[in-house]
Amino acid sequence: MNREPDFFEHLRAELSSGRVWLDRAIVLGYAIAAGLFVVGFTLASDWVFGQFHRFYRAWPWAVLLTTPLITAAIVWFTLRFFPGAGGSGKEAQREPDDGGRDQRGGQKHRPG
């Protein structure tokens, strides 16, 4: 016999399941946190851009000096405190040179 689903039974089971509501609350919490992060980052970006325009209006040629200096400082900071972040592509992915020896001290056989 083809019986219609009991709406109220399913609703009661849905509302009484604490684990489901915990999962939903966690997802909702992370969604709110992500939204607040986006709003905060947008406000910070707007503020920094406004400061840059004030600086540019006061000393237009100073941007040509400060931009490379700030870029070099960021690169230095990154390489100093996050050494694994340096480089890209094949060079960054290669294994450290171990003198061509395996763990037992013998020569490694490398194709090509």
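Structure: see above.
Summary of the structure given here. (Residues numbered from 1 in each chain as written. Predicted model: local features only at pLDDT ≥ 70, side-chain atom pairs only at ≥ 80, totals over all residues. Heavy atoms only, no water.)

All right, on to the overall build of the protein then. In terms of helices and strands, the protein carries four helices and zero strands. When the helices and strands of the protein are read in sequence order from the N terminus, they spell out α-α-α-α. (Helix = DSSP H or I, 4+ residues; strand = E, 2+ residues; numbered from the N terminus.)

Right, let's talk about the pattern of salt bridges for a bit. Taken as a whole, this structure holds one salt bridge when the rule is applied. Measuring nitrogen to oxygen at the nearest pair gives 3.5 Å for the salt bridge that ties Arg19 to Asp23. Here the residue Arg19 and the residue Asp23 both occupy positions in helix H2 (residues 18-58), the gap between them amounting to four residues, near one helical turn. (Salt bridge = Lys/Arg side-chain N within 4 Å of Asp/Glu carboxyl O.)

Take the packing of H2 against helix H3 (residues 62-81) next. Across the interface, H2 lies against H3 with an axial gap of 9 Å and an inter-helix angle of 135°. With respect to H3, the axis of H2 lies oblique. Mapping the contact onto sequence places Phe52, Phe55 and Tyr56 in H2 and Ala62, Val63 and Thr66 in H3. Partitioning the contact of H2 with H3 into residue classes produces five nonpolar, one polar and no charged. (Axes fitted to C-alpha atoms, helices over the stretch in contact; angles between N-to-C directions. Parallel < 35°, antiparallel > 145°, perpendicular 65-115°, else oblique. Contact = heavy atoms within 4.5 Å. Nonpolar A, V, L, I, M, F, W, Y, C, P; charged D, E, K, R; others polar.)

Inspection of every chain in the model, using the stated rule, returns seven aromatic pairs. Considering the side-chain rings of Phe52 and Tyr56, the 6.4 Å spacing of their centres and the 10° angle between planes classify their relative orientation as stacked. Taken together, the positions of Phe52 and Tyr56, both in helix H2 and four residues apart, correspond to about one turn of that helix. Judged by its relative accessible area of 35%, Phe52 is partly exposed. A relative accessible area of 41% means that Tyr56 is categorised as partly exposed. Ring centres of Trp76 and Phe81 lie 6.1 Å apart, and the angle between their planes is 85°; on these two criteria the pair is classed as edge-to-face. (Phe/Tyr/Trp six-rings, centres within 6.5 Å; stacked < 30°, edge-to-face > 60°. Buried < 20%, exposed > 50% of the residue type's maximum accessible area, 1.4 Å probe, protein only.)

That's the geometry; what it means functionally is another story.
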